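Overview (structure and organization)
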Amino acid sequence: MRTEPHAVGVNPDYAFDLDLLTELTEESGVPGYEDAIREIVERELDDATDEVHTDAMGNVVGTVGDGDYSVVIAAHMDEIGFMVRHVTDDGFLRLDALGGWDPRVLRAQRVRIHTDNGDLRGVIGSTTPHTQDDDESEPTVENVHVDLGLDGETANERVTPGDLVTMEQTTESLGEHITGKALDDRVCVFAMLEAARRLDDPDVTVHFAATVQEEVGIRGAQALGVDLDPDLAVALDVTVANDVPGFDEAEHVTELGAGTAIKLKDSSVITTPKVHRRLQDLAADRGIDHQREILPAGGTDTAGFQNTNGATPVGALSIPTRYLHTVTESAHHADIEATISLLTAFLETETGTHDYTL
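The following refers to the structure shown. None of these values were measured; they are calculated from a predicted model. (Residues numbered from 1 in each chain as written. Predicted model: local features only at pLDDT ≥ 70, side-chain atom pairs only at ≥ 80, totals over all residues. Heavy atoms only, no water.)

**Considerations on unusual backbone geometry**
Note the following rule: What counts as a helix is a DSSP run of H or I of at least four residues, what counts as a strand is a run of E of at least two, and both are numbered from the N terminus. For every residue, the accessible area (1.4 Å probe, protein chains only) is compared with the maximum for its type, and the residue is labelled buried under 20%, exposed over 50%, or partly exposed between those bounds.
A cis geometry characterises the amide bond from D184 onward to D185, with omega recorded as 10 degrees. With a phi angle near 55 degrees, D201 is a residue other than glycine that sits in the positive phi range. Looking at the secondary structure, you find D201 in the loop between α4 (183–198) and β12 (205–211). Residue classification places D201 among the exposed positions, given a relative accessible area of 61%. In this structure, I218 is a non-glycine residue whose phi angle is positive, near 55 degrees. Take I218: it is sitting in the loop between β12 and α5 (219–228). Given the relative accessible area of 13%, I218 is considered buried.

**Thoughts on the layout of surface pockets**
Using a probe with the size of a water molecule, rolled over the atoms, empty space left in the structure can be pinpointed. Under the convention used in this document: Here a cavity means grid points, on a 1 Å grid over the protein atoms only, where a 1.4 Å probe fits yet cannot get out; a pocket means an open set of points with protein on both sides within 12 Å along at least five of seven lines; lining residues are those with an atom within 4 Å of a point. Grid points are joined across faces, edges and corners, and a volume is the space filled by probe spheres set on the points.
There is about 340 Å³ of room inside the largest pocket. The wall of the largest pocket is formed by 21 residues, among which D184, L295, G298, G299 and H325 lie closest to the centre. With 4 residues, the single largest contributor to the lining of the largest pocket is strand β13 (residues 232–240).

**Focus: the nonpolar core**
Short version of the rule: The definition of a nonpolar core used throughout is a set of buried Ala, Val, Leu, Ile, Met, Phe, Trp, Tyr and Cys residues joined through side-chain atoms within 4.5 Å.
Membership of the largest hydrophobic core comes to 56 residues, with the highest contact counts inside it found for V41, I73, F208, I336, F346 and L347. At 10 residues, α4 tops the list of elements feeding residues into this core. Core analysis: the next-biggest nonpolar cluster, separate from the first, contains 21 residues, W101, I113, V159 and V327 among them.

**Focus: the environment of L347**
Rules: Contacts were defined at the residue level, with two residues in contact if any of their heavy atoms lie within 4.5 Å.
Of note, L347 is situated in helix α8 (residues 333–348). Since its relative accessible area comes to 0%, L347 is described here as buried. Not counting residues up to four positions away in its chain, the partners in contact with L347 are V71, I73, L199, V206 and F208.

**Quick notes on the pairing of strand β11 (residues 177–180)**
Quick reminder of the rule: Paired strands, in this sense, are two strands between which DSSP finds at least two bridges.
Side chains of β11 alternate between two faces, with H177 and T179 and I178 and G180 buried alike. Bridge count between strand β10 (residues 172–174) and β11: 3 bridges; the pairing is antiparallel. Its bridge partner being in β11, S173 is matched across the sheet by I178. The antiparallel hairpin formed by β10 and β11 contains 2 residues in its connecting segment, where G175 sits at a positive phi of about 60 degrees. Inspection of the sheet shows β11 paired to strand β17 (residues 329–332) by 4 bridges, in the antiparallel sense. Each residue of the ladder has a partner; that of G180, found in β17, is E329.

**Observations regarding the packing of helix α1 (residues 18–26) against α4**
Under the convention used in this document: Structural elements are reduced to axes, namely lines fitted to C-alpha atoms, with helices fitted over the stretch in contact, and the angle between N-to-C directions of any two is expressed from 0 to 180 degrees. Each crossing gets its handedness from the near helix: less than a right angle anticlockwise from the far helix is left-handed, clockwise is right-handed. Note that Gly is not counted as nonpolar here; it falls among the polar residues with everything else outside the nonpolar set of Ala, Val, Leu, Ile, Met, Phe, Trp, Tyr, Cys and Pro and the charged set of Asp, Glu, Lys and Arg.
Viewed as axis vectors pointing N to C, α1 and α4 meet at an angle of 145 degrees, and their least axial separation amounts to 9 Å. As for how α1 packs across α4, the hand of that crossing is right-handed. Contacts between α1 and α4 pair L20, L21, L24 and T25 from the former with L183, R186, V187, V189, F190, L193 and R197 from the latter. Looking at the contact of α1 with α4 residue by residue, the class counts come to 8 nonpolar, 1 polar and 2 charged.

**Overview of the side chain of E79**
The cut-off we apply is this: Between N or O atoms, a polar contact is any pair within 3.5 Å; within protein, one atom must be a potential hydrogen donor and the other a potential acceptor, and residues adjacent in sequence are included only when both atoms are from side chains.
By secondary structure assignment, the location of E79 is in the loop between β3 (70–76) and β4 (81–87). You can call E79 buried: its relative accessible area is 3%. A polar side-chain atom of E79 sits 3.1 Å from a polar atom in the side chain of K181. At 3.0 Å, the side chain of E79 forms a polar contact with the side chain of R186. In this structure E79 touches E27, S28, G29, V30, P31, L98, T166, K181, A182, D184, R186 and E215, once residues within four positions along its chain are discounted.

**Looking at empty space enclosed by the protein**
In this structure the tally under the stated criterion is 1 cavity of 30 Å³ or more. If you add up the space inside the largest cavity, you get close to 100 Å³. Together, E79, I80, W101, M167, K181, A182, D184, H325, T326, V327 and E329 line the largest cavity. Taken together, the residues of the lining of the largest cavity break down into 5 nonpolar, 2 polar and 4 charged.

**What about the pattern of salt bridges?**
The condition that has to hold: Salt bridge, as used here, is a side-chain nitrogen of Lys or Arg placed within 4 Å of a carboxyl oxygen of Asp or Glu.
Tallied over the full model, the rule gives 18 salt bridges. A salt bridge links E23 to R43; its shortest N-O distance comes to 2.9 Å. Of the two residues, E23 sits in helix α1 while R43 sits in helix α2 (residues 35–48), which places them 20 residues apart along the sequence. With relative accessibility at 32%, the residue E23 sits in the partly exposed group. For R43, a relative accessible area of 38% gives the class partly exposed. Through salt bridges that share partners, D17, E23, R43, E44, E194, R197, R198 and E337 make up one connected network.

Right under this line is the structure:
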């Protein structure tokens, strides 16, 4: 069933539901095990769309409208994390990465271990500088260990290889920013849910898709590209905002506070020119702050829809985010709102008659 479009969140400083964003980002869900996030998304889409279903991989799709022309809006639910590969006799955990980690950011972090008998907390230790050798090698994921504060026998009783590990972090307001873990890509899942709340009686069929396993190869989107076979697809993801000390302005991919980013390319996709031009024209007409995104490396669900089941026109909106793939990812609240506003406007004005062929 559908409710009235959402207007104002619980925090007067935000034009969106900050509580829902916090719930999404603080919850855990690594690739292939997005269960807890899926429950939240199903709950929200059940209120905002006409029909909700899941598939064998765990993708969630909420559908509204009954037009002959179909549009998919996609954002991925999974966050980077780990799987336990070994519990040592001394009680330490060795890990296998799920997604792309920079091991340098893992030192001195708290983690949560998800077992069949409940969650445990642990820490990824960092060797004290008093005992480090000058030639100590750079860290790798393979030599990261988790300390549970337990002896070896107890640790082996409570943790099993295959148990999942995620980072432990809260989501906080920081000035005009939101910071925490898993903004990649929960902030875009949130933007998609907000747009679903605001969209009323579209002329086309819209599938709001929360996808799985993006961080390990865009797998959920590729499956949906075949199953849904849309006429048009728009993916939502975060993108690099390297507008921080150490980077020249010419190196900035995007900048926080400059608006939603309309993707032209990344290393996995060149978006359809007629789609990204319509997004830019619409943003200009509606007075929505926006910037162009040209990302040298990295890929998104956009590529999963472009040619998986034949040629499909695609576009992408990105939320500029600093410190990606860390526990202090940071996005500007105005950029989040701009992304929601442009996505909603795009869907409200999509009639199925735009010619996106080249």
